[in-house]
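The primary structure of each chain is shown beneath.
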Amino acid sequence: MSEYLLEVKDLCKRFPIKGGLLGREVGAVNAVNNVSFKIKKGETLGLVGESGCGKTTLGRSILRLIEPSSGQIIFDGKDITQFNADEMRAIRRRMQIIFQDPYASLNPRMTVGDILAEPMEIHGLHTNKADRQKRLLQLLDQVQLPKDALNKYPHEFSGGQRQRVCIARALAVEPEFIVCDEPVSALDVSVQAQVVNLLMDLQKDLGLTYLFIAHDLKVVEYISNRVAVMYLGNMVEVAESHELYGGSKHPYTKALFSAIPSHDPKHQQSRIILEGDIPSPMNPPTGCHFHPRCWKATEDCKKSYPIVTSSSETHQFRCHNPL
Ligand SMILES: Nc1ncnc2c1ncn2[C@@H]1O[C@H](COP(=O)(O)OP(=O)(O)OP(=O)(O)O)[C@@H](O)[C@H]1O
Ligand SMILES: [Mg+2]
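Reading guide: rules and limits
Residues numbered from 1 in each chain as written. Chains lettered and ligands numbered in written order. Predicted model: local features only at pLDDT ≥ 70, side-chain atom pairs only at ≥ 80, totals over all residues. Helix = DSSP H or I, 4+ residues; strand = E, 2+ residues; numbered from the N terminus. Rg over C-alpha atoms; globule rule 2.2 N^0.38 Å. Buried ≥ 20, exposed ≤ 12 C-beta atoms within 10 Å, placed from the backbone. Contact = placed C-beta atoms within 7 Å. Near = placed C-beta within 6 Å. Core = buried A, V, L, I, M, F, W, Y, C linked by C-beta atoms within 7 Å. Pairing = 2+ DSSP bridges. Axes fitted to C-alpha atoms, helices over the stretch in contact; angles between N-to-C directions. Expected span 1.5 Å × (residues − 1). Arc of directions from axis to C-beta.

A. Structural view of the overall build of the protein chain. Along the protein chain, the regular secondary structure elements total 10 helices and 12 strands. Relative to its length of 323 residues, the protein chain is compact, with a C-alpha radius of gyration of 21 Å against a globular reference of 20 Å. By principal-axis analysis of the C-alpha atoms, the protein chain measures approximately 70 × 60 × 45 Å. Counting all 323 residues of the protein chain, 37% fall into the buried class. A separation of at least 24 residues holds for 63% of the contacts in the protein chain among residues at least 6 apart in sequence.

Now the structure itself:
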């Protein structure tokens, strides 16, 4: 048995852009470009990068909620990109997703009990009425919601509680892997820590594996074992959290992380302000896509896309002139 639960190989997702009267293809967005990475069982891989760099597209493609254009997704040793609809249904029980906006992802006309029972219904789990009730109460307990939540509607809860309902719904089918797509970004700062801690406790208790997408680098550092950085559809660096926060190799990672204030004023790093805008993913720059904004760029960077380099077993990056 491999120690990896998920292995993504050369994954690409291209969105064609149609235009004109005839709806012909006038261009394309390469939202995810040859992305490869692995996640070990029980591990959290954080995924960061500016808005529009392809984090959500990558997360959804892994579950095939968006159909990948090419590449392989190997879950528990099996290439699920080849799976038919029945096989996919079975594997979806093992892979779940939690979204950013807990309100939009809950049906306002359903009680929490019905919301949590629905995935069990779909997957034929706990079909006996007494078993089902027991499982519903267990789920509420796992996400620290009171028993009477079962008969309430989403609007009767706060944002943090609603996200707990979404977490319970994901847990209802006993998944092994969860894509958490900015699960705390829409919540008050005071509530964010509670939900992050809940996710970490659940991971420990249930042996869950997470892909944790976030904007907040502090949150990512706290929850992740390893962190991957995306820029314009490409994964530019991946390393253990401590390697990345202390010693990033890619100038983009360095710039991104220089914006985090340090606890220790003596170790306050100077903030790197990137020049220029994020280029359009429809028309990315030649060579390394980051070169027009990079202070270390040379002629090579304009010409060729860098191959993957390793500085340790756990630290890989794509850069011609690493730091
Ligand atoms: N259905 C679609 N059709 C066309 N383009 C799309 C579609 N979905 C996403 N894109 C484009 O793909 C790129 C990546 O989008 P994505 O939502 O994955 O980024 P993201 O990193 O999750 O951003 P954010 O941090 O804002 O959530 C963007 O340029 C976006 O406009
Ligand atoms: Mg997103």
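B. How the structure looks around the site of ligand 1. Looking at ligand 1, the residues that line it are Phe15, Val29, Ala31, Gly49, Ser51, Gly52, Cys53, Gly54, Lys55, Thr56, Thr57 and Pro281. Among the secondary structure elements, those contributing two or more residues to the shell around ligand 1 are strand S2 (24-40) and helix H1 (55-62). For the shell around ligand 1, the element with the most residues is H1, which contributes 3 residues.

C. Broad picture of the nonpolar core. If you look at the biggest cluster of nonpolar residues, it comprises 77 residues, and the most contacted ones within it are Ala168, Ile178, Cys180, Leu211, Phe212 and Val229. With 6 residues, helix H5 (residues 159-171) is the single largest residue contributor to this core. Those residues within four positions of Phe212 in sequence are excluded, and the remaining contacts are Thr44, Leu45, Gly46, Leu47, Cys180, Val220, Ile223 and Ser224.

D. Spotlight on the pairing of strand S4 (residues 70-75). Pairing of strand S1 (residues 4-19) with S4, which is carried by 5 bridges, proceeds in the antiparallel orientation. Bridge assignment links Lys9 to a residue of S4, and that residue is Gln72. Strand direction decides the pairing type here: S4 and strand S5 (residues 78-79), joined by 2 bridges, are antiparallel. The partner of Phe75 across the bridge, within S5, is Lys78.

E. Structural context of the sheet that holds S1. With antiparallel pairing, 4 strands are arranged side by side in an open sheet as S2-S1-S4-S5. Because the sheet does not close on itself, it has two edges, and the strands there are S2 and S5. With respect to the sheet, H1 is in contact with S1, S2 and S4, its orientation differing from that of S2 by roughly 70°.

F. Geometry of the sheet that holds strand S10 (residues 234-240). The mixed open sheet is built from 8 strands, whose spatial order is S6-S7-S8-S3-S9-S10-S12-S11. Pairing within the sheet leaves two strands with one partner each, and these edge strands are strand S6 (95-98) and strand S11 (309-312). Here the strands of the sheet are splayed against their neighbours by 20° on average, with no regard to which way each runs. Inspection of the sheet shows strand S3 (residues 44-48) paired to strand S9 (residues 226-231) by 4 bridges, in the parallel sense.

G. Geometry of helix H6 (residues 189-206). With 18 residues, H6 should cover 26 Å at 1.5 Å per step; its first-to-last C-alpha distance of 26 Å lies within 8% of that length. Buried within H6 we find Gln192, Val195, Val196 and Leu199. For H6, the buried positions fall inside an angular range of 100° around the axis, keeping them on one side. Along H6, the residues that are exposed and aim more than 90 degrees away from the buried face are Ser190, Asn197, Lys204 and Asp205. Contact partners of the buried residues in H6: H5, strand S7 (177-181) and helix H7 (217-223). Immediately downstream of H6, the backbone of Gly207 shows phi near 65°, a positive value.

H. Fine view of helix H4 (residues 129-142). With 14 residues, H4 should cover 20 Å at 1.5 Å per step; its first-to-last C-alpha distance of 20 Å lies within 8% of that length. Taken residue by residue, H4 has Leu136, Leu139 and Leu140 as its buried positions. Along the axis of H4, the buried positions cluster into a sector of 100°, meaning they face one direction only. What points out from H4, more than 90 degrees from its buried face, is the exposed set Ala130, Asp131, Lys134 and Asp141. Close packing links the buried residues of H4 with helix H3 (112-122) and H5.

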